[in-house]
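Listed below are the residues making up each chain.
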Amino acid sequence: MPEIAKFVNNGSNGITPVIAEKVLRQLPQWKLEFTQISAPQFPHLVDQLEFLADAVEDAVEGAYKELPYTAVAQAVFALLYAHKKMSILPESILDMGRADDSSVVRAVLIQNEKAFSIYAGSQGVNWQKITSQP
């Protein structure tokens, strides 16, 4: 996990408020795409992506101002990573195609667990349902 966390940290360093706003405009479509993910070996991935998308929406729109920008930037990075068509492991590889997406998302959730847990509580979301576990 340390290598994935390093990858996330390096990638999120380039996320600016302008990039976050561009992602915000794409999120309604991306949320629909995320619901179509079929990855039974990663049962929490869709819920986790939707949770991160909601957190980014609320933070970037100013509806939730308590989320640290590092958490927002990492969430934006994870959403960009999961959405892009090329990744470390192509989605066409059966049973493994979403492993990298899941690892990136989990690294974001784990590194920002306290902030996201508080956010989840403020939104009436069951943090245990989101969980940072695979």
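The sections below set out a description of the structure shown in this document. Because the structure is predicted, anything quoted here is derived from the model rather than measured.

### So, the packing of helix H1 (residues 2-12) against helix H5 (residues 99-111)
Item 1. The N-to-C vectors of H1 and H5 enclose an angle of 80 degrees; their axes lie 9 Å apart at closest approach. One finds that H1 runs roughly perpendicular with respect to H5. Touching Ile4, Ala5, Phe7, Val8 and Asn9 of H1 are Ser103, Val104, Ala107, Val108 and Gln111, all from H5.
Item 2. Taken together, the residues of the contact of H1 with H5 break down into seven nonpolar, three polar and no charged.

### Regarding H5
Item 1. With 13 residues, H5 ought to run about 18 Å at 1.5 Å a step, and its terminal C-alpha atoms sit 18 Å apart, in line with that.
Item 2. For H5, the buried fraction is high: 10 of the 13 residues fall into the buried class.
Item 3. All of the buried residues along H5 are Ala99, Asp100, Asp101, Ser102, Val104, Val105, Arg106, Ala107, Val108 and Leu109.
Item 4. Against the buried residues of H5 lie H1, helix H3 (45-61), helix H4 (69-83), helix H6 (113-123) and helix H7 (127-130).

### Things to note about the nonpolar core
Item 1. If you look at the biggest cluster of nonpolar residues, it comprises 43 residues, and the most contacted ones within it are Phe51, Leu52, Leu67, Leu79 and Phe116.
Item 2. Secondary structure elements with two or more residues in this core: helix H2 (17-35), H3, H4, H5, H6 and H7.
Item 3. With 10 residues, H4 is the single largest residue contributor to this core.
Item 4. Aside from chain neighbours lying at most four places away, what touches leucine 52 is Ala75, Ala78, Leu79, Val105, Val108, Leu109 and Phe116.

### Focus on the packing of aromatic side chains
Item 1. Across all of its chains, the model carries seven aromatic pairs by this definition.
Item 2. Measuring from ring centre to ring centre gives 5.5 Å for phenylalanine 7 and phenylalanine 77, while their planes differ by 70 degrees; the resulting arrangement is edge-to-face. Taken as a pair, phenylalanine 7 in helix H1 and phenylalanine 77 in helix H4 lie far apart in primary sequence, 70 residues in all.
Item 3. Classification of phenylalanine 7 as partly exposed rests on a relative accessible area of 32%.

### Points about the side chain of glutamate 57
Item 1. For glutamate 57, the location among the structural elements is in helix H3.
Item 2. Residue glutamate 57 is classed as buried on the basis of its relative accessible area, which comes to 16%.
Item 3. Polar contacts involving the side chain of glutamate 57 include one to the side chain of lysine 31, which spans 2.9 Å.
Item 4. When sequence neighbours within four positions are dropped, the list of residues in contact with glutamate 57 reads Leu24, Leu27 and Lys31.

### Overview of the environment of tryptophan 127
Item 1. Mapped onto the fold, tryptophan 127 is located in helix H7.
Item 2. Taking the relative accessible area as the measure of exposure, tryptophan 127 reaches 11% and is therefore buried.
Item 3. On a C-alpha basis, the gap between tryptophan 127 and phenylalanine 116 in space is 8.3 Å, while along the polypeptide they are 11 residues apart.
Item 4. Apart from residues lying up to four places away in sequence, tryptophan 127 is in contact with Phe51, Leu109, Glu113, Phe116, Ser117 and Ala120.

Parameters at a glance
Residues numbered from 1 in each chain as written. Predicted model: local features only at pLDDT ≥ 70, side-chain atom pairs only at ≥ 80, totals over all residues. Heavy atoms only, no water. Axes fitted to C-alpha atoms, helices over the stretch in contact; angles between N-to-C directions. Helix = DSSP H or I, 4+ residues; strand = E, 2+ residues; numbered from the N terminus. Parallel < 35°, antiparallel > 145°, perpendicular 65-115°, else oblique. Contact = heavy atoms within 4.5 Å. Nonpolar A, V, L, I, M, F, W, Y, C, P; charged D, E, K, R; others polar. Expected span 1.5 Å × (residues − 1). Buried < 20%, exposed > 50% of the residue type's maximum accessible area, 1.4 Å probe, protein only. Core = buried A, V, L, I, M, F, W, Y, C linked by side-chain atoms within 4.5 Å. Phe/Tyr/Trp six-rings, centres within 6.5 Å; stacked < 30°, edge-to-face > 60°. Polar contact = N/O pair within 3.5 Å; in protein donor to acceptor, adjacent residues only side chain to side chain.

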